[in-house]
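Understanding the architecture of this molecule
Given next are the chains, with one letter for each unit.
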There are 2 protein chains.
Amino acid sequence: MFKELDPLLHSQLRLQVMSLLVGVESAEFTYLLEETGATRGNLSVQITKLKDAGYINVNKSFRNNYPLTTCKITPKGVEVFEKYVEALQDYLNMDKKSSTQ
Amino acid sequence: MFKELDPLLHSQLRLQVMSLLVGVESAEFTYLLEETGATRGNLSVQITKLKDAGYINVNKSFRNNYPLTTCKITPKGVEVFEKYVEALQDYLNMDKKSSTQ
DNA sequence: ATAATTAAGTTTATTTTATAAACAAGTTTA
DNA sequence: TAAACTTGTTTATAAAATAAACTTAATTAT
């Protein structure tokens, strides 16, 4: 009946990040920070988890002497995201079978 | 940008339970058990949380000498479930603004 | 009739997760 | 040169999910 929900995606902040990344070429740490409203620490942790899972790639460089971290969703990331969205449909479906009682 | 996701609903098992209940008049503990595939302990805990939040009503009685627990979603439960589903749309939206890079 | 098994849950304990607080390393400004 | 800011990471704490163990009573087998 219910498909499993990827626990790595079924988390508010990580899902926000993936949702943001799926629509863009890449995004900076500070951009994700602003869009999500998360704390830097939390965002850092969740980005690491997504990277470790191979859902995103993280590039670290410098810009104007400051560290610059950019994230980009991977093909696998797109795939699992789409799968998650599809699995979730089962859970949100409003038209259900009739009463049990 | 992103609306908050009710943490009580943003949980695989509790969401399954709510999803099942939203479509029926009421459902028995054992029915929820079968449909969700959860353990009895876990289901018991999550049902209690949903009850404490006022999202469902729980009725305890007996049938054939055995305990019978039935759950029914409350108006508030329907409301928060619908709100959750709506909030989630932000996260699943595939058509996003163009690149940041 | 009593021991083992099943039914239907609950409670407790453990593992995982999420989050915030503290830290780091360097840069800019007063 | 000291204070404040930028951009993160690491660590510690709080919260949550889950499973294992327990409970109470009923049924079945011996």
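Notes on the structure follow. This one's a predicted model, so the numbers in the text were calculated from it and none came from an experiment.

Focus on the protein's contact with DNA strand C
Near DNA strand C you find 22 residues, and of these R14 of chain A together with R40, S44, K60 and T69 of chain B are the closest. Each atom of DNA strand C within 4 Å of the protein was assigned to sugar, phosphate or base; sugar and phosphate come to 62%. Within the side chain of N65 of chain A, an N or O atom sits 3.4 Å from a phosphate oxygen of DNA strand C. Contact between DNA strand C and S44 of chain B: a phosphate oxygen at 2.5 Å from a side-chain N or O atom of the residue. Mapped onto the surface near DNA strand C, the elements with two or more residues apiece are α3 (40-52) of chain A together with α2 (29-36), α3 (40-52) and β3 (66-73) of chain B. If one sorts the elements of the surface near DNA strand C by residue count, α3 of chain A sits on top with five residues. Across the surface near DNA strand C, the residue classes break down as seven nonpolar, 11 polar and four charged.

Points about the protein's contact with DNA strand D
Lining the immediate surroundings of DNA strand D are 21 residues, of which R40, S44, K60 and T69 of chain A together with R14 of chain B lie closest. Atoms of DNA strand D within 4 Å of the protein belong to the sugar or the phosphate in 63% of instances, the rest to bases. Between DNA strand D and the protein, one listed contact pairs a base nitrogen with a side-chain N or O atom of R40 of chain A at 2.4 Å. At a separation of 3.2 Å, a sugar or linking oxygen of DNA strand D approaches a polar backbone atom of P67 of chain A. Elements represented by at least two residues in the surface near DNA strand D include exactly α2 (29-36), α3 and β3 (66-73) of chain A together with α3 of chain B. Among the elements that take part in the surface near DNA strand D, α3 of chain B stands out by supplying five residues, more than any other. Among the residues making up the surface near DNA strand D, the classes are represented as seven nonpolar, 10 polar and four charged.

Analysis parameters
Residues numbered from 1 in each chain as written. Chains lettered and ligands numbered in written order. Predicted model: local features only at pLDDT ≥ 70, side-chain atom pairs only at ≥ 80, totals over all residues. Heavy atoms only, no water. Near = heavy atom within 4 Å. Polar contact = N/O pair within 3.5 Å; in protein donor to acceptor, adjacent residues only side chain to side chain. Helix = DSSP H or I, 4+ residues; strand = E, 2+ residues; numbered from the N terminus. Nonpolar A, V, L, I, M, F, W, Y, C, P; charged D, E, K, R; others polar.

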